[in-house]
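Chain by chain, the residues run as shown.
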Amino acid sequence: MLVSRIGDDIRRSNGWISFARFMDRALYAPGLGYYSGGAHKLGAAGDFVTAPELGPLFAQTLAAQVAEICALSDPHILEVGAGSGRMAADLLRELAARQALPETYSILEVSGELRARQQDSLREVAAQLPTRIAWLERFPERFSGAVLANEVIDAMPVHLVVWQADGIAERGVGLADGQFVWQDRPASGRLRQRAQAVTAECLLRPGYLSEIALLPDDWLYEWGQRLTRGALLLLDYGFPRHEYYHAQRSAGTLMCHYRHRAHGDPFYLPGLQDITAHVDFTAIAEAGTAGGLALLGYTTQASFLLACGLLDILARTPAGDAPRYLPLANAAQKLISPAEMGELFKVMVLGKGIEQALLGFQRGERSHTL
């Protein structure tokens, strides 16, 4: 059904749509897209595992930074795309232990299936704690506090761009014999301007293919207008621009996930697989500051979690208690090891009204690399 609808969309658009449009339909088409349909997405039974699904250690460590942001602004938390709800539940329990519970915990979620899972995950916590938990369907008009976005930006639709000897092309999607096919057209507008800016900074050989995400610009602009005080805490996999458009990354970073298998074919089972691209954190910093937010910190996930006390939290569990300690130690290794999530995943904070250096960026701050 979704394949047919995307095909109709292509025909109505004179035989071609941008890949960003294709990705948006594949992920978010009402009732049919990957994130708006009913398929199980996270965990062992889904297609991929995120940091909060490894156990409570990630959220417990994150709580230190969230509590500081709330103390410097207002006691409100808004999580964008809360996955299974595991991070919210673990975070609230840790904040309760720290006597730093927020007054409200709001979740902005586009997936009906994930919203239902979140409500199940948070039912016990909601009954035990005084924090008011609510789900939102749109941006709040005004917000002061901590905004959390863990692996959100990588799921925003991207444009595909090919730098050719005779100019810059946008790679989009057409139809041939009823099948999706790649088709290139000259890049134009904002996309061409961004691609030209990349060319000015990075040496790209003819045939170089990569992604440019324009949607985060608009998303961050909205937060710049609505955030009165506080910070956005962005956690995702990606690079600064000079690494994103490295000569050896000449086929881009686009990746699909289906039943824990990663591959590069976005035309395979549209609506039933995840489609992602790495994050250009230089572009995120530029968009945030252009929208009225200040860059408050940028570092690796490993540096951030260690600065926030991950090892101290791990030490709460005696090493001799192997059944409890070993799963936590394994999770810690995956979260901070350079060979796992420690280096590839980055943490960026953009905010307003916060002047002091934040806890998670006291060591290994890397804003100078952007």
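Quantities reported herein were computed from a predicted structural model and do not represent experimental measurements.

1. A look at the overall build of the protein chain
Reasoning step 1: Each helix and strand counted, the protein chain has 12 helices and 16 strands in total.
Reasoning step 2: Relative to the globule expectation of 21 Å for 370 residues, the C-alpha radius of gyration of the protein chain, 21 Å, shows essentially globular dimensions.
Reasoning step 3: In terms of principal-axis extent, the alpha carbons of the protein chain reach across some 60 × 45 × 45 Å.
Reasoning step 4: Considering the protein chain as a whole, with its 370 residues, one finds that 55% of them fall into the buried category.
Reasoning step 5: If you take every contact in the protein chain between residues at least 6 apart in sequence, the share linking residues at least 24 apart comes to 77%.
Reasoning step 6: For the protein chain, the accessible area works out to roughly 15,700 Å², and carbon and sulfur atoms hold 51% of it.

2. A closer look at the sheet that holds strand β13 (residues 274–276)
Reasoning step 1: The three strands lie next to each other as β12-β11-β13, forming an open sheet whose pairing is antiparallel. The sheet is open, and its two edges are formed by β12 (261–263) and β13, each paired on a single side. Across the sheet, the mean angle from the axis of one strand to that of its neighbour is 25 degrees, orientation sign disregarded.
Reasoning step 2: Here strand β11 (residues 255–258) runs beside β12; their pairing, made up of three bridges, is antiparallel. From the neighbouring strand, Tyr 258 faces β12, where its bridge partner is Arg 261.

3. Regarding the pattern of salt bridges
Reasoning step 1: Inspection of the entire model under this criterion finds 18 salt bridges.
Reasoning step 2: Measuring nitrogen to oxygen at the nearest pair gives 2.9 Å for the salt bridge that ties Arg 86 to Asp 90. Here Asp 90 and Arg 86 lie together in helix α4 (residues 86–97), a separation of four residues that amounts to about one turn.
Reasoning step 3: Each of Arg 190, Arg 194, Asp 217 and Asp 218 takes part in a single network of salt bridges with overlapping partners.

4. Things to note about the nonpolar core
Reasoning step 1: Of all hydrophobic cores here, the largest spans 48 residues; its most connected members are Val 66, Tyr 105 and Leu 233.
Reasoning step 2: A total of 10 residues in this core trace back to one element, the largest contributor, which is helix α3 (residues 57–72).
Reasoning step 3: In terms of nonpolar packing, the next biggest core, distinct from the first, is built from 40 residues, Ala 155, Leu 160, Ala 187 and Leu 214 among them.

5. Remarks on helix α5 (residues 112–128)
Reasoning step 1: Its 17 residues place the ends of α5 25 Å apart at the C-alpha level, agreeing with the 24 Å of an ideal helix rising 1.5 Å per residue.
Reasoning step 2: In the structure, α5 departs most strongly from a straight axis at Leu 122, where the bend amounts to approximately 45 degrees.
Reasoning step 3: Residues Glu 113, Leu 114, Arg 115, Gln 118, Leu 122 and Val 125 constitute the buried set of α5.
Reasoning step 4: Where α5 is buried, its residues touch α4, β3 (104–108) and β4 (132–136).
Reasoning step 5: A distance of 3.4 Å separates the backbone nitrogen of Glu 113 from a side-chain oxygen at the start of α5, and that oxygen is part of Ser 111.

6. A short note on the side chain of Asp 274
Reasoning step 1: Following the sequence through the fold, Asp 274 ends up in strand β13.
Reasoning step 2: Look at Asp 274 and you get buried, because its relative accessible area is 3%.
Reasoning step 3: A polar atom in the side chain of Asp 274 sits 3.0 Å from the side chain of Tyr 35.

7. With respect to the pairing of strand β8 (residues 179–186)
Reasoning step 1: Judged from the eight bridges that link them, strand β7 (residues 167–176) and β8 form a sheet pairing that is antiparallel. Bridged to Gly 172 within β8 is Gln 183.
Reasoning step 2: Two successive antiparallel strands, β7 and β8, enclose a turn made up of two residues, where Asp 177 displays a positive phi of approximately 55 degrees.

8. Let's talk about the pairing of strand β9 (residues 208–212)
Reasoning step 1: For β9, the buried fraction is high: five of the five residues fall into the buried class.
Reasoning step 2: Summarising the sheet, strand β6 (residues 159–164) and β9 pair through five bridges and their orientation is antiparallel. Bridge pairing in β9 links Val 162 to Leu 209.

Conventions used here
Counting starts from 1 at the beginning of each chain's written sequence and moves along it residue by residue. Restriction of local features to residues with pLDDT of at least 70 applies here, the model being predicted, together with a cutoff of 80 or more for giving and counting side-chain atom pairs; totals for whole chains, interfaces and linings are based on all residues. Heavy atoms from the whole structure form the basis of all side-chain values; hydrogens and water molecules are not counted. Helical segments are the DSSP runs of H or I of at least four residues, strand segments are the runs of E of at least two, and each set is numbered from the N terminus. Restricting the calculation to C-alpha atoms gives the radius of gyration, and the globule rule supplies 2.2 Å times the number of residues raised to the power 0.38. Partly exposed describes any residue whose relative accessible area lies between the buried limit of under 20% and the exposed limit of over 50%, with all areas from a 1.4 Å probe on protein chains only and scaled to the type maximum. By definition in these notes, contact holds between two residues if any of their heavy atoms fall within 4.5 Å. Here the accessible surface of atoms and residues is derived via Shrake-Rupley with a 1.4 Å probe, and residues count as covered only by protein chains that are part of the display. Strands are labelled as partners when DSSP assigns at least two bridges between them. Axis definition: a line fitted to C-alpha atoms, over the contacting stretch in the case of helices. Angles run 0 to 180 degrees between N-to-C directions. Salt bridges, as used here, are contacts in which a Lys or Arg side-chain nitrogen is within 4 Å of a carboxyl oxygen on Asp or Glu. For the purposes of this section, nonpolar cores are sets of buried Ala, Val, Leu, Ile, Met, Phe, Trp, Tyr and Cys residues that join through side-chain atoms within 4.5 Å. Each helix should span, by expectation, one fewer than its residue count multiplied by 1.5 Å. A residue's bend is simply the angle between two axes: one fitted to the seven residues ending at it, one to the seven starting at it. Whenever two N or O atoms come within 3.5 Å, that pair is a polar contact, provided that in protein one can donate a hydrogen and the other can accept it, and provided that, for residues adjacent in sequence, both atoms are side-chain atoms.

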